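# Tertiary structure, described
Listed below, chain by chain, are the residues.
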Amino acid sequence: MFSFEFMQNAYLAGTLIAIVSGIMGVFVVARNMPFMTHTLSEIGFAGAAFGIFIGWTPLNGMLAFTTVSSILVGELSGAVESRRESVISAISGLFIGLGILFLSLSNKNSSYATSILFGSVIGISHQEVVQMAILSVLVLVVLFFIFRNLKDDSFDAVGAKTNHIHSSLISIIFLVLLAFSVSVAAQIVGSLLIFVLLTLPAASSKYFAHTVIQMMLLAIAFAIFGVWFGLYLGYVTNWPVTFFIASIEAVIYGSALIYNSIANKSR
Amino acid sequence: MSETLISVEDLSLSFPNHQVLSDLTFKVQRGEFLGVIGENGVGKTTLIRVILNQLKPSAGRIKIKNGLKIGYVPQFRNVDVEYPLSIEDFISLNFTGIKLPWLSRKEKQKIQTVIKQVNLEHISKRPLGLASGGEKQKAYLAQALINDPDLLILDESTASLDPNTKRELLDVVLRLNKALGLTIIFVSHDMQVIHEYPDHFLWLTKNGYTAGPISELHNDSKEGEYV
Ligand SMILES: Nc1ncnc2c1ncn2[C@@H]1O[C@H](COP(=O)(O)OP(=O)(O)O)[C@@H](O)[C@H]1O
Ligand SMILES: [Mg+2]
């Protein structure tokens, strides 16, 4: 299987994505942002379509759109927590409409759209793997430096206010990192199923691990397991890889919930 | 010689549609255990927010001793049953700043010290979401102690606790006050415990306030709570 270059690239990219998603996912779940994450990836779809339309790579189109919109969402929703979802709906509606427009204008056949929406491992070139690696490292380095403040702001927003943490700055930085992560992860699982990597592994991990760092390690493990096994099954069966990754992560999440309810009963 | 940590003079504060605090004058000395009492909505939390420099007074002055370190336990917290972090990791959240993600040996030792101070050794690895109301309040208290504050502010920390748990928490606070000389501001609308624990009081009412040593707090208000 590894004699094919596209499989090597897929495994490399998949592993990177799993690591970034596991770490970011823990904050996505703690900050209660799965919806925002999903919307960012829909916006990513529009960005990819735009990229194709003007002759960029889909990844660059995604990066441009998700980054701009994440900053917009951060600025527009401001301090009013409850406004966030409506702002997100408005922005995503606008961007997805644009995506459909760009796709139809660029005259590409619909298989292009499917591969953006549902992911595709065949299409990842070595050069794209390099770009994804750079983006992933960038996300991890920034996380390294803001880790403690982001952790406080995500897991104890009320307490963080009295720790002189610049909450709105942290939020914007986090949203931009999320935009990068979404764009990278969408290359494998597709825009529609981004939460499969950016939400489910982290959401599962919190039933087993009880420190932020342990949760991250476990979320990475869940994500890597899904990606590796999914790629293998996809290779063997010729069924879509995304289907396998999604199923594996859903099964892990389901098991975590069952484990939790059993553990709670015996407590 | 007592040392003044906070000095408030003729302080008033109004929000756009109404006045909350008016012409308040009092001092907090080092080592004091001050009980701030008053009905809901009278302005206790607002006063705390002025002390924390989150709100500016509309008139009057507030002087805080230079470099005073304040540990604060807020009135409300978002911790539900699914809250995943262990009590230990929750406490560590207050180690903020641009530092390595993992904790240093010194920081870990400090966490163990405060966990002992609030008597949570036996459940320190358990998720905070599964802790009882009293255990949660102790964890919040421990978190506020982690950066060695000079002054500890508790806002309605005992409000939702049953009488025994309430005393257990306040015994811990009193021990910190007596043994370590930690200055305490304890906000409550529970007259009973205000009579028992603090050595000074500040009683805010709709029309004004009274303040002084606890012996001067009227005895007729000893029975039960008022809301
Ligand atoms: N940011 C604010 N803007 C306008 N009114 C406020 C604000 N914060 C508090 N208030 C009002 O000030 C009054 C005092 O509130 P608070 O200090 O929380 O009372 P307490 O803590 O004594 O129960 C209440 O009537 C409350 O509605
Ligand atoms: Mg209050």
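Residues numbered from 1 in each chain as written. Chains lettered and ligands numbered in written order. Predicted model: local features only at pLDDT ≥ 70, side-chain atom pairs only at ≥ 80, totals over all residues. Heavy atoms only, no water.

Keep this limit in mind: UniProt positions are given in the numbering used here, feature names are shortened, and annotations may be inferred rather than shown by experiment.
As annotated in an unreviewed UniProt entry, chain B carries the name Mn/Zn ABC transporter ATPase and comes from Lentilactobacillus otakiensis DSM 19908 = JCM 15040. Listed in UniProt under the heading Sequence similarities (unreviewed entry), the comment for chain B reads: "Belongs to the ABC transporter superfamily."

Per an unreviewed UniProt entry, chain A is named ABC transporter, and its organism is Lentilactobacillus otakiensis DSM 19908 = JCM 15040. What UniProt records for chain A under Sequence similarities (unreviewed entry) is the sentence "Belongs to the ABC-3 integral membrane protein family."

## Details of the coordination of the magnesium ion (ligand 2)
Residue and element names in this part refer to chain B. The condition that has to hold: Here a donor is any nitrogen, oxygen or sulfur atom (N, O, S) within 2.8 Å of the metal, with 3.2 Å used for Na, K and Ca; water is not among the atoms considered, so some sites may look incomplete. Helix and strand definitions follow DSSP, with helices as H or I runs of at least four residues and strands as E runs of at least two, each counted in order from the N terminus. The buried label goes to any residue with under 20% of its type's maximum accessible area, the exposed label to any with over 50%, and the partly exposed label to all in between, with areas taken from a 1.4 Å probe on protein chains only.
The protein atoms that coordinate the magnesium ion (ligand 2) are Thr 45 (OG1) and Gln 75 (OE1), at distances of 2.0 to 2.3 Å. On the criterion of sequence distance, the pair formed by Thr 45 in helix H1 (residues 44-51) and Gln 75 in the loop between strand S5 (70-73) and helix H2 (87-92) is long-range, its members being 30 residues apart. Residue Gln 75 is classed as partly exposed on the basis of its relative accessible area, which comes to 27%.

## Notes on the sheet that holds strand S3 (residues 33-37) of chain B
All names here are of chain B. Short version of the rule: Pairing between two strands requires that DSSP report at least two bridges joining them. To get an axis, fit a line to the C-alpha atoms, keeping to the stretch in contact for a helix; angles then go from 0 to 180 degrees between the N-to-C directions. The contact criterion used is simple: two residues touch if any of their non-hydrogen atoms lie within 4.5 Å.
Read from one edge of the open sheet, six strands run S5-S6-S7-S3-S8-S9, paired in mixed fashion. Of all the strands in the sheet, the pair left with one neighbour each is S5 and strand S9 (208-213). Adjacent strand axes in the sheet meet at a mean angle of 15° when their direction is disregarded. Sheet contacts for H1: S3, S5, strand S6 (151-155), strand S7 (183-188) and strand S8 (200-205); angle to S7, the most-contacted strand, approximately 150°. Against the sheet, helix H5 (residues 163-180) engages S3, S6 and S7, with an angle of about 140° to S3.

## Some points on the environment of A:Val137
The residue A:Val137 is located in helix H6 (residues 126-155) in this model. What makes A:Val137 partly exposed here is its relative accessible area of 47%.

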